[in-house]
Amino acid sequence: NNVFQGGKPSRTYDLKGTTEDRWVDPASGGVMKDNNFNGYKVHIGDDLAPLFYAAVKSDTEFLEARGIMDYSMMLGVAPADQTPDDTGRPFHRVMGGIPATIVKTNDLEQAPEKCVVYFGMVDMLVHYNWKKVVANFAKGQTIGWVNKIDTEPPDVYAARFRQTFRRKVKPRAASFPITKANLANFETPMPAMGMSGGTASFFKAILKENANISECPEVKESRQYWVAKDLERARDEVGFYEAAMMRKNKPGFDVLKWMTPYKGLCKAPCMAKPDKPSDITVMLLRNGRDGFKCCRMLDIKIGWATAVAGWQGKSAFGAWKQKILDSQTNSTEEGFRLEGFDNPPPSLKSVERLIATGNTPVAKKAHRFNLQRLAATEFVSFFLDMHGASRSSFAAQEAKAGRKMVEAAPRDRESLSEVEHQETILLQCIQELSQYIKACRNVSVPQQWIGSSIMLAFDSEEVPKRGDVRNLARVHIFDWGRSELNTPAVHDSLSPEEQKERHQYWGYYCTGVAFLLFDLVSLYVGRYWYKPEAVAFSLWDKDKVTNDDLIGVCTLPLIGRKQVLLEARPLKTATGSPAKAGGLLGLFRKETKLEVSVEPVKMRSDSRFETVWCASAHGTKNVPRMDALSPTDAFVEVATTSDSNSELEDIIRQDPQYLNHLRCTAHRTTVAVDEGAPVFNEGFEVGVLKKASRRELLDAMAGILGKDATEEQVMKLFPPSVKDLDGTGDRQVKFSELCFPLLQRPKN
């Protein structure tokens, strides 16, 4: 054939975009195949890349229309000093004999190869006949679960073929050098460290005291500024970070200011196993825990779909499995899910103990699945939880098992109180996300960020002093394994269908971020904005898989009441009838009562809060047995509302669903697992901000609600009364439309 047109390639590849039987021993000297070319990318001229894509698209559409499949792209690689026989013919100019650079992605040892490449499509005579249909069915049920098979229908084959060469052949503008970090600046071997989310291994990358200042100026700030991530599970992220470094401060890329800082790659001895170090290529990223005594961190994966077949090498089977997982998590409910939670509070630890004990792979998967199903108001409530639980049934169970429970950090008059600390952390997260959304609005071209994450973090052990409350919370974006940093040059080279896909998934990503911000603001407004008139204590039974069961609820008025000493309050079910337990055959049952107390908290005059109370749940007896085979796993939720005490009781009795609205802003005690008479002794500070203190939230919302955001606008989106909270989903959508007026959104 005339693919090489007089050229003399030093090696050749037959590429189909499949992985079934696509490896040839290079020592044989024969034509190599797809698996031999794994990890390589070909970079050609910026002007030629669009012509190459157009030629592949035109040819595959022609073959698809005629029922042809199983064709290949022949790739020849010749030395760079070989002069292309450029006759000026369009087909030859695009498909062969052009200068290029071949890069082995993420390989520190192998330098980019300058060469001349020849492209040509071959083997275009195979029709999709009945034999191929049978082969497709047979392979699809067997090796098709793990490999990309060759006997696909013409439309599937053509689409996969185009996607393959979109990934493998890139314009020179998309190329980048690999940044190498100097290992001599770091202590070795690097110790292992644990993370709650993801599958990659992490290691401590500690800078030496005498590290080179010109190479590592960050050593002046902290020796633990960086963390090392095993490249084996992060190879696809390197390209994104390198491209981002080149564009971080350019117009249209302000979103990258929130990206986790990146230093480069190095090969280092790491303690992957306790007995001896092994050389591992690692990626150095900013250590989110640096400077914190105890870093509480959320890994929030953004997107309705966290995998797309054919995108960045994701197989159809892999995407199908991920879609099944997404459907069971909060991803399909709100466009994001919690993937990891470092250093959770006792309230969440008690849930994990109920779900599964130990550190086995099964227990880890069960805990992770529990996190993935939580709504934002639930996991952010856990995130902010700093209350003490040292006198609870859970604490006693932990002590009995030989596990030490961390005490709540002590506070004094010069420190922020518990509620002030929570409000400050939540406000700073809202401020950062609001600015991030503003930057997302101004991207130069739409992005396709599949499965990337947002990190929220703060120091849950260090109690800040009143005069030092800046930058208590950290917000970063990270995890780019299935993401692409789209640029104007690259976007212009895409086909209309591919540009449409970028717009679609960027809309999904931005809507997920907007929904996350909505939930954070909803929690903030519900807890601190409106003056509470009543407090509701609800007793629940925690279930491992199914929804929690309400046992009963009692309410206390706050207005006109200075203090409520320890008092046993009868609980009422959702229908308004008394909660009862015990007796024989339903006779002689006794009322279930919950011991509660409410007392005012004296605040300093310079506090941002007008009024604060401490609402405590102490314990209960005579708890109904909600589980068939074991005692109840009880916990209490404490929530305030601007509805009066009598109104709240009427609302709950008329429609028990309003309890779900109360749960969105509630504080939670630990779970007393299998306790017939659970003890809690857990208190929560609740309060209302001074009117002047509301200004910070309005300023944060100004970019969304308008330059002069008003309290009326906030009240309309986040009503004060639970009876006005219908249509939460509609309000979420409206909020996202205010954040991103022109984006394409998920149908659900």
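Residues numbered from 1 in each chain as written. Predicted model: local features only at pLDDT ≥ 70, side-chain atom pairs only at ≥ 80, totals over all residues. Heavy atoms only, no water.

A. The overall build of the chain, seen in detail. A tally of helices and strands in the chain yields 19 helices and 28 strands. Looking at the chain as a whole, 55% of its 748 residues qualify as buried. Considering only intrachain contacts with a sequence separation of at least 6, the fraction spanning at least 24 residues in the chain is 74%. Surface exposure of the chain reaches about 33,500 Å², of which carbon and sulfur atoms provide 52%. (Helix = DSSP H or I, 4+ residues; strand = E, 2+ residues; numbered from the N terminus. Buried < 20%, exposed > 50% of the residue type's maximum accessible area, 1.4 Å probe, protein only. Contact = heavy atoms within 4.5 Å. Areas by Shrake-Rupley, 256 points an atom, 1.4 Å probe, with all protein chains shown as cover.)

B. The arrangement of the pattern of salt bridges in detail. One pass over the full model with this rule turns up 39 salt bridges. Of the charged contacts in the structure, one is a salt bridge between glutamate 113 and arginine 11, with a shortest N-O distance of 2.7 Å. Here the residue glutamate 113 occupies a position in strand S6 (residues 113-122), and arginine 11 occupies one in strand S1 (residues 11-15), the gap between them amounting to 102 residues. Overall, glutamate 113 belongs to the partly exposed group, its relative accessible area being 24%. Note that glutamate 637 is salt-bridged to arginine 668, the shortest N-O span being 2.9 Å. Pair noted here: glutamate 637 is in strand S26 (residues 634-641) and arginine 668 is in strand S27 (residues 667-668), with a separation of 31 residues, a long-range link. The two residues glutamate 637 and arginine 668 agree in class, both being buried. Three or more residues joined by partner-sharing salt bridges are found here, namely Glu378, Lys542, Asp548, Glu637, Arg663 and Arg668. (Salt bridge = Lys/Arg side-chain N within 4 Å of Asp/Glu carboxyl O.)

C. Representation of the pairing of strand S12 (residues 278-286) within the structure. The element S12 is largely enclosed, with a buried count of seven among its nine residues. By the bridge criterion, five bridges tie strand S10 (residues 226-230) to S12 in an arrangement that is antiparallel. If you follow lysine 229 over to S12, its bridge partner there is methionine 283. In the sheet, strand S11 (residues 262-270) pairs with S12 via eight bridges, with the strands oriented antiparallel. Note that in S12 the partner of glycine 264 across the bridge is leucine 284. (Pairing = 2+ DSSP bridges.)

D. Quick look at the packing of helix H12 (residues 418-441) against helix H17 (residues 695-705). Running from N to C, H12 and H17 point in directions that differ by 15°, and their axes come no closer than 9 Å. In terms of axis orientation, H12 runs roughly parallel to H17. In the crossing of H12 with H17, the sense of the turn from one axis to the other is left-handed. Taking contact as the criterion, the partners of Leu427, Ile430, Gln431, Ser434 and Arg441 in H12 are, on H17, Glu696, Leu697, Ala700, Met701, Gly703 and Ile704. (Axes fitted to C-alpha atoms, helices over the stretch in contact; angles between N-to-C directions. Parallel < 35°, antiparallel > 145°, perpendicular 65-115°, else oblique. Left-handed = near helix turned anticlockwise from the far one by under 90°.)

E. Structural view of the packing of aromatic side chains. Applying the stated rule across the entire model yields 26 aromatic pairs. Centre to centre, the rings of tyrosine 71 and tyrosine 157 are 4.9 Å apart; their planes meet at 75°, and the pair counts as edge-to-face. With tyrosine 71 in the loop between helix H1 (48-65) and strand S4 (72-79) and tyrosine 157 in helix H4 (residues 154-168), this residue pair connects regions lying 86 residues apart in the sequence. Neither tyrosine 71 nor tyrosine 157 differs from the other in exposure class; each is buried. Consider the rings of phenylalanine 240 and tryptophan 480, whose centres lie 4.1 Å apart with planes at 5°: the pair is stacked. (Phe/Tyr/Trp six-rings, centres within 6.5 Å; stacked < 30°, edge-to-face > 60°.)

F. Layout of the sheet that holds S26. Read across the sheet, four strands follow the order S20-S19-S26-S27 without closing on themselves; strand pairing throughout is antiparallel. Edge positions in the sheet fall to strand S20 (549-557) and S27, since each of these pairs with one other strand and no more. Both strand S19 (residues 534-541) and S20 contribute to a ladder of eight bridges, which runs antiparallel. In the strand pairing of S20, aspartate 541 is matched with aspartate 549.

G. Region of interest: the pairing of strand S3 (residues 40-44). For S3, the buried fraction is high: four of the five residues fall into the buried class. Strand direction decides the pairing type here: S3 and strand S7 (residues 169-171), joined by three bridges, are parallel. Along S7, the bridge assignment pairs histidine 43 with lysine 170.

H. Structural view of helix H8 (residues 346-355). Where burial is concerned, most of H8 is hidden: eight out of the 10 residues are buried. All buried positions along H8 are accounted for by Pro346, Ser347, Leu348, Ser350, Val351, Glu352, Leu354 and Ile355. Its buried side turned inward, H8 meets strand S14 (336-342), helix H9 (361-372), helix H10 (376-384), helix H11 (393-400) and S27.

I. Representation of the environment of serine 538 in the model. Tracing the sequence through the fold places serine 538 in strand S19. By relative accessible area, which is 6% here, serine 538 ends up buried. A sequence separation of 13 residues divides serine 538 from isoleucine 551, and the C-alpha atoms of the two residues are 7.6 Å apart. Those residues in contact with serine 538, other than ones at most four positions away along the chain, are Leu550, Gly552, Val553, Phe635, Val636 and Glu637. Polar contacts involving the side chain of serine 538 include one to the side chain of tryptophan 540, which spans 2.8 Å. (Polar contact = N/O pair within 3.5 Å; in protein donor to acceptor, adjacent residues only side chain to side chain.)

J. How the structure looks around the sheet that holds S10. Strand order in this open sheet of five strands is S8-S9-S10-S12-S11, and the pairing throughout is antiparallel. The open sheet terminates on both sides in strands that have one partner only, identified here as strand S8 (192-193) and S11. The strands touched by helix H5 (residues 235-247) within the sheet are S10, S11 and S12, with S11 carrying the most contacts at an inclination of about 140°.

K. Representation of the side chain of glutamate 237 in the model. For glutamate 237, the position within the fold is in helix H5. Relative accessible area serves as the criterion here: at 2%, glutamate 237 is assigned to the buried category. Separated by 2.6 Å, the side chains of glutamate 237 and lysine 229 make a polar contact. Those residues within four positions of glutamate 237 in sequence are excluded, and the remaining contacts are Lys229, Met283, Asp479, Trp480 and Gly481.

L. Here's a closer look at unusual backbone geometry. Following threonine 188, the chain continues to proline 189 via a peptide bond in cis, the omega torsion being -5°. Inspection of the secondary structure assignment puts proline 189 in the loop between S7 and S8. Phi angles above zero are rare outside glycine, and aspartate 674 is one such case at about 55°. Topologically, aspartate 674 is positioned in the loop between S27 and strand S28 (679-689).

M. Just the environment of serine 607, in detail. Examined against the element boundaries, serine 607 turns out to sit in the loop between strand S24 (593-600) and strand S25 (609-621). Residues serine 607 and serine 417, spaced 190 residues apart in sequence, show a C-alpha to C-alpha distance of 9.3 Å. Beyond its immediate stretch of four places on either side in the chain, serine 607 contacts Glu420, Arg466 and Lys690.

N. Quick look at the environment of glutamate 378. One can find glutamate 378 in helix H10. For the pair glutamate 378 and arginine 668, spaced 290 residues apart in sequence, the C-alpha to C-alpha distance is 9.5 Å.

O. Expanded view of the state of the cysteines. The full count for this structure, using the stated rule, is zero disulfides. The thiol of cysteine 295 is unpaired, and the distance to the nearest cysteine sulfur, on cysteine 294, comes to 7.8 Å. (Disulfide = S-S within 2.5 Å.)

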